[in-house]
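Residue-level structure breakdown
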Amino acid sequence: MAEPALAARGVGFAYRDGHGVAEVDLEVAPGEVVGLLGPNGAGKSTLIRVLAGVLGPYRGSIRVCGDELSGLTRRELARRLAVVPQESGAEVPFTALETALLGRHPHLAGLAFESDRDVELARRALARVGAAELAHRPLAELSSGERQRVVVARALAQDTPLLLLDEPTSFLDLRYQVELFDLLRELARGGRAVVAVLHDLNLAAEYCDRVALVAGGRIVVAGATAEALTYAHLTRVYGTEVYVDVNDLTGALVVTPLSARARERLRREQPAATP
Ligand SMILES: Nc1ncnc2c1ncn2[C@@H]1O[C@H](COP(=O)(O)OP(=O)(O)OP(=O)(O)O)[C@@H](O)[C@H]1O
Ligand SMILES: [Mg+2]
């Protein structure tokens, strides 16, 4: 088997007030798309930031493409993994193209300026997320979804074997959600490893090979998507009832949260089938 792009063992991190993550085991191989799911405050973003080397020191071991993260320089790490944070600065004074070009910096020699080829790669990254026309617009003036795609372009321009994305589709419309995850799958086919935090369980069901459900700072369920996304697991982890079905057209799982109205209707009409 190929060396994992990411291998986390017994990873823990605590903020000063004690919140954080604990005992996280997570391995992601080249070619895989792995989803991190779970309720607000579960620790998903914390985990992404620890795995990305943004938060530390950590307990346990995090190996990125074979080497312990804490032993890598920032530049070495930035050549191995790219991050799309959950919230990305609307306040930075860059254009979209300048932002995408930042992704090329770990590849520049010393204090060199970007070459024409770097500019070309940054433009190509923007084009891949449908943001070519935004190249010269200031980031601060873009819509939330436009800005989110530009930040993804920066990560793509970084051209790393591992991508960590924290809710990369939270501001995207339906078309761009599908286009982004189609692109992530294509990158995985090309040998990249992808970890994405998601709140959309249907996107997770369609695109993730495996998922980890995070609650209270720990991974409480992990496995192949179809085995992990069950009524019992989801209802427990999210603390609300869901209905899980299979789309007979695509074969993907469909997860529908049950409204109070729907629960009431089910109890009236099928009392035996509802817990
Ligand atoms: N900088 C911080 N200092 C102290 N506690 C923090 C900090 N950032 C987050 N936390 C706490 O750590 C816990 C996990 O937060 P985190 O942002 O990782 O959750 P999340 O799973 O990403 O949630 P969401 O779905 O809302 O993005 C929360 O209880 C949060 O309040
Ligand atoms: Mg988060």
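Here we summarise the structure given alongside this text.

Rules of the game
Residues numbered from 1 in each chain as written. Chains lettered and ligands numbered in written order. Predicted model: local features only at pLDDT ≥ 70, side-chain atom pairs only at ≥ 80, totals over all residues. Heavy atoms only, no water. Donors = N, O, S within 2.8 Å, 3.2 Å for Na, K, Ca; no water. Helix = DSSP H or I, 4+ residues; strand = E, 2+ residues; numbered from the N terminus. Buried < 20%, exposed > 50% of the residue type's maximum accessible area, 1.4 Å probe, protein only. Near = heavy atom within 4 Å. Polar contact = N/O pair within 3.5 Å; in protein donor to acceptor, adjacent residues only side chain to side chain. Areas by Shrake-Rupley, 256 points an atom, 1.4 Å probe, with all protein chains shown as cover. Nonpolar A, V, L, I, M, F, W, Y, C, P; charged D, E, K, R; others polar. Core = buried A, V, L, I, M, F, W, Y, C linked by side-chain atoms within 4.5 Å. Contact = heavy atoms within 4.5 Å. Salt bridge = Lys/Arg side-chain N within 4 Å of Asp/Glu carboxyl O. Expected span 1.5 Å × (residues − 1).

**What to know about the coordination of the magnesium ion (ligand 2)**
Those donors, Ser45 (OG) and Gln86 (OE1), are the protein atoms that reach the magnesium ion (ligand 2), and they lie 2.0 to 2.1 Å from it. With Ser45 in helix H1 (residues 44–51) and Gln86 in the loop between strand E6 (81–84) and helix H3 (96–102), this pair connects stretches of sequence that are 41 residues apart. A relative accessible area of 14% means that Ser45 is categorised as buried. On the basis of relative accessibility, which here comes to 29%, the residue Gln86 falls in the partly exposed class.

**Comments concerning the site of ligand 1**
If you check the shell around ligand 1, you find 15 residues, and the closest are Gly41, Gly43, Lys44, Ser45 and Thr46. Contacts to ligand 1 include Asn40, whose side-chain N or O atom sits 3.0 Å from an oxygen atom. Contacts to ligand 1 include Thr46, whose side-chain N or O atom sits 2.5 Å from an oxygen atom. Protein coverage of the free-state accessible area of ligand 1, which is 640 Å², stands at 67%. When its residues are assigned to classes, the shell around ligand 1 shows 3 nonpolar, 8 polar and 4 charged.

**With respect to the nonpolar core**
Judged by nonpolar contacts, the single largest core of 53 residues is most densely connected at Leu37, Leu126, Val150, Leu163, Leu184 and Leu229. Residues contacting Leu163, with those up to four places away along its chain left out, are Ala82, Ala155, Leu184, Leu187, Ala193, Val194 and Val195. With 32 residues, the next largest nonpolar core counts Val21, Leu36, Leu77 and Val195 among its residues.

**With respect to the pattern of salt bridges**
Counted by the stated rule, this structure contains 13 salt bridges. Between Glu241 and Arg267 there is a salt bridge, and its shortest N-O distance comes to 3.3 Å. One end of the pair, Glu241, is in the loop between helix H9 (231–238) and strand E11 (242–246); the other, Arg267, is in helix H10 (residues 260–269), with 26 residues separating them in the sequence. Judged by its relative accessible area of 16%, Glu241 falls in the buried class. Taking the shortest distance from any N to any O, the salt bridge between Glu264 and Arg268 comes out at 4.0 Å. With Glu264 and Arg268 both in helix H10 and 4 residues apart, the pair spans about one turn of that helix.

**Topic: helix H5 (residues 144–158)**
Every α-helix winds through 3.6 residues per turn, so residues three or four apart in the chain are directed the same way. Its 15 residues give H5 an end-to-end C-alpha distance of 22 Å, which sits within 8% of 21 Å, the value for a rise of 1.5 Å per residue. For H5, the tally of buried residues reaches 12 of 15 residues, placing the bulk of the element in the interior. Those residues of H5 lying buried are Gly145, Arg147, Gln148, Arg149, Val150, Val151, Val152, Ala153, Ala155, Leu156, Ala157 and Gln158. Buried-residue contacts for H5 involve helix H2 (74–80), E6, H3, helix H4 (116–128), strand E7 (162–166) and helix H6 (174–189).

Any link to function would need more than the numbers given here.
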